[in-house]
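# Examination of the molecular architecture
Each chain, letter by letter, is given below.
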Amino acid sequence: MRQLVVGAAQLGPIQKADNRADVVGRMIRLLDDAERAGCDLVVYPELALTTFFPRWYMDDQVDVDGWFETDMPNDATAPLFTRAREAGVALSFGYAELTPDGHHFNTSILTDKTGTIVGKYRKVHLPGHDQFDPDRTFQHLEKRYFEPGDLGFPVWNALGGVIGMCICNDRRWPETYRVMGLQGVEMIVLGFNTPAVNSQKSEEGAEKRLFHHRLCLQSGAYQNSTWVVAVAKAGIEDGHPLIGGTMIVNPNGEIVAESQSLEDELVVHSCDLDDTQFGKRTIFDFARHRRIEHYGLITRQTGVKAPN
Ligand code: ING
């Protein structure tokens, strides 16, 4: 029994006009709830400190960089790190990272229970586009504002287990889970901001979005015998709806806890990391079952080459 009590701290909408201090205040209130619930770890969404700004077209880099953090922790987030250290709770949250040498990443971090950052991940799969697209009902400019992550999919020995991170669109790609699965990951934590409608297919609404969201998390968890904790930024941001669906999925692919609202909401579950072992020793014992001599196309080829 290696119980890890996780608080999935869903955030409701953050408006473009909201400031980081107010958002951090909301995050601290969720952290207080998590401490009372006996959580060891609290997980917040992708880009947790600001509105989902990639929906807005900007061509002035000064405006773009205003959405980024140059240090972490920093003045805005220091109160959160201090509160976490006092509470003895580890944190994971996403933010827009601007590095000292001028690189822009969609980043998430993991701290230990003293508030020390022990892990960093930079989003690899950037969805959307990099130029203004008049055919879309709204923009999704992650390819414009971020570079693809350059850290791969690392995992860390932390909190008594093997912990990994990914971010939003990463959860739709099986490679994300498998690379961490090959490192023995026992819990993957991720945040997401998922528009409730498809900007290119308006008949695809929240229900279908939630169906694909669950499908990806449950298959990733099951096929790698790992816990998956997925945390939404939810609700309507300046008129643009985001799905909820914050949830915790067990190594069998079963949803064991899920948010009920589109607001700030803490979803708590005690996760036994030993529940990952049976799958890793039997049906998904990679060493015994995988046949890598047949998988070459997966890393040799990016796009489709159909038979002529
Ligand atoms: N958001 C969305 C996501 O992957 C998206 C973008 C939605 C892509 C639906 C494809 C289909 O959940 C982010 N931030 O990646």
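Here goes a summary of the coordinates provided. All values derive from a computational prediction rather than experimental measurement.

Calculation notes
Residues numbered from 1 in each chain as written. Predicted model: local features only at pLDDT ≥ 70, side-chain atom pairs only at ≥ 80, totals over all residues. Heavy atoms only, no water. Phe/Tyr/Trp six-rings, centres within 6.5 Å; stacked < 30°, edge-to-face > 60°. Helix = DSSP H or I, 4+ residues; strand = E, 2+ residues; numbered from the N terminus. Buried < 20%, exposed > 50% of the residue type's maximum accessible area, 1.4 Å probe, protein only. Lys NZ or Arg CZ within 6 Å of the ring centre and 35° of its normal. Pairing = 2+ DSSP bridges.

All right, on to the packing of aromatic side chains then. Overall, the coordinates contain ten aromatic pairs when judged by the stated rule. Ring geometry for Tyr222 and Phe284: centres 4.9 Å apart, planes at 85°, overall edge-to-face. Remark: Phe284 occurs in the loop between helix H7 (277–281) and helix H8 (286–289) and Tyr222 occurs in helix H6 (residues 206–223); sequence separation between them is 62 residues. The exposure class of Tyr222 is partly exposed, given its relative accessible area of 34%. The class of Phe284 is buried, set by a relative accessible area of 17%. A connected cluster of aromatic rings, assembled from ring pairs, spans Phe53, Trp67, Phe68, Tyr145 and Phe146. When the ring centre of Trp56 is taken as reference, the NZ or CZ atom of Lys16 above it lies at 4.4 Å.

Bringing the pairing of strand S7 (residues 161–167) into the picture now. In summary, the side chains of a regular strand alternate between the two faces of the sheet. Within S7, seven of the seven residues are buried, which leaves the element mostly enclosed by the surrounding structure. Bridging between strand S6 (residues 155–158) and S7 involves four bridges; their strand directions are antiparallel. Bridge assignment links Trp156 to a residue of S7, and that residue is Ile163. The antiparallel hairpin formed by S6 and S7 contains two residues in its connecting segment, where Leu159 sits at a positive phi of about 55°. Strand direction decides the pairing type here: S7 and strand S8 (residues 187–192), joined by five bridges, are parallel. Note on S8: the bridge partner recorded for Gly164 is Ile188.

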